[in-house]
Amino acid sequence: MKKKILYIGNKLSKHGNTTTSIETLGSFLEFEGYKVFYASSKKNKILRFFHMIFSTLWYSKKVDYVLIDTYSTQNFYFALATSQLCRFLKVKYIAKLHGGDLPNRIKKSPFLSNLIFKNAYKITAPSSYLMSAFKVKYAENLLHIPNTIEINKYEFLERNFIVPKLLWVRSFSKIYNPKMAITVLYNIKKIHPNALLTMVGPDKENLINDCKKYATELGVEVTFTGKLAKEEWVSLSENFNVFINTTHFDNTPISVIEAMALGLPVVSTNVGGIPNLLNNKENGLLVDDNDNVAMTNSIIEIFNNEILRNKITIKARNTVESFDWSVVKHKWFEILK
């Protein structure tokens, strides 16, 4: 008989936020026969917090495991509270790591971090970046389980490389540095006047109007789609030829993995766990944080160097095929047995 799981995380896509693993992994586990309960989809943070606490109390005797999405910022404290309640109620919990700034969190908050991670049944890290940071203190119950996709839903396409058509897919949040993408477009248009940029994602921190104003100041036209369903942006991606990732902090973002699966050459800042996913000039191109000139030059190199372009797109697809659910699911089966 399959196990029952309470999944604690931010299940907020119905409110216009980006879909996170509580929905993707949760759906995968349900498909495999697990019974999954969720907390929380409450939009208000305070209500969401109390719903997580109540759900942990309510389901503690009904589930085998509590799976807790663990982030580095405010949501760190959601994980702290629910994990300690799990300890009190004597229910096993799994801390699922998210966010490129978690290594700094465990340095800044060692006591609170120990409360969560020393007492977890398991800790799952989606990248070797987080594995390296956590194995120093938490190696005993630490496992590497990558973020996962269904590879057959992503068609690898050969693309036209006449005019740069740039695609950016993230939440509009300061940590993802959306203005850098607009600066890169401004730079590119000096060489390719017909270059395009489309930015896809929810306005998490009310930054879209600021970005629109910035684009107007630079005299460039940018398309802002708002949040799109995964199927919608994957379909949209057929019209683009370069995927750019401008983030200040990151782990192994699903949007980058998906771009790699689709055959889009990826140019990304070299931050957090990104260099553990992308090797420069092997399966992507990497530039320093906030270096818009280097990102511009990398995009130009993609257009000028067909051999490099073909190499990185093929190797990128090969890389992410190991993230397919048919491969990754066995690691989850092992810890949920």
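Refer to the structure printed above.
Residues numbered from 1 in each chain as written. Predicted model: local features only at pLDDT ≥ 70, side-chain atom pairs only at ≥ 80, totals over all residues. Heavy atoms only, no water.

**Here we look at the packing of helix α2 (residues 45–59) against helix α3 (residues 75–89)**
- With their axes 10 Å apart at the nearest point, α2 and α3 run at an angle of 20 degrees to one another. Considering the angle they form, α2 stands roughly parallel to α3. When the axes of α2 and α3 are compared, the crossing they make is right-handed. On α3, the residues that touch Lys45, Arg48, Phe49, Met52, Ile53, Thr56 and Leu57 of α2 are Asn75, Tyr77, Phe78, Ala81, Thr82, Leu85, Cys86 and Leu89. (Axes fitted to C-alpha atoms, helices over the stretch in contact; angles between N-to-C directions. Helix = DSSP H or I, 4+ residues; strand = E, 2+ residues; numbered from the N terminus. Parallel < 35°, antiparallel > 145°, perpendicular 65-115°, else oblique. Left-handed = near helix turned anticlockwise from the far one by under 90°. Contact = heavy atoms within 4.5 Å.)

**Brief notes about the packing of aromatic side chains**
- Enumeration over the complete set of coordinates arrives at 16 aromatic pairs.
- Considering the side-chain rings of Phe49 and Phe78, the 5.7 Å spacing of their centres and the 40 degrees angle between planes classify their relative orientation as tilted. Linking Phe49 in helix α2 with Phe78 in helix α3, this pair joins segments that are 29 residues apart in sequence.
- Taken together, a centroid distance of 5.4 Å and an interplanar angle of 70 degrees make the contact between Phe161 and Phe303 edge-to-face. One end of the pair, Phe161, is in the loop between β6 (142–144) and β7 (165–169); the other, Phe303, is in helix α12 (residues 292–304), and 142 residues separate them in sequence. (Phe/Tyr/Trp six-rings, centres within 6.5 Å; stacked < 30°, edge-to-face > 60°.)

**With respect to the nonpolar core**
- By size, the foremost hydrophobic cluster in this structure holds 34 residues, and its most contacted members are Ile182, Leu197, Met199, Val222, Ile244, Val267 and Ile299.
- Those elements that provide at least two residues to this core are β7, α7 (178–189), β8 (196–200), α8 (208–218), β10 (242–245), β12 (285–287), α12 and α13 (306–320).
- Tallying contributions element by element places α7 first for this core, with 6 residues.
- In this structure, Leu85, Ala95, Ile123 and Tyr138 belong to the second largest nonpolar core, which totals 32 residues. (Core = buried A, V, L, I, M, F, W, Y, C linked by side-chain atoms within 4.5 Å. Buried < 20%, exposed > 50% of the residue type's maximum accessible area, 1.4 Å probe, protein only.)

**What about unusual backbone geometry?**
- With omega at 20 degrees, the peptide bond leading from Ala39 into Ser40 counts as cis.
- Here Ser40 lies in the loop between β2 (35–39) and α2.
- Not every positive phi belongs to a glycine, and Asn177 is a case in point at roughly 50 degrees.
- For Asn177, the position within the fold is in the loop between β7 and α7.
- The exposure class assigned to Asn177 is buried, which follows from its relative accessible area of 11%.

**Let's talk about the sheet that holds strand β3 (residues 65–70)**
- Read from one edge of the open sheet, 6 strands run β2-β1-β3-β4-β5-β6, paired in parallel fashion. Two strands in the sheet have a free side with no partner beyond their single neighbour: β2 and β6. Neighbour to neighbour, the strand axes of the sheet diverge by 25 degrees on average, direction disregarded.
- The strands that helix α14 (residues 325–335) touches are β3, β4 (92–97), β5 (122–125) and β6; relative to β5, the one it contacts most, it runs at about 170 degrees. (Pairing = 2+ DSSP bridges.)

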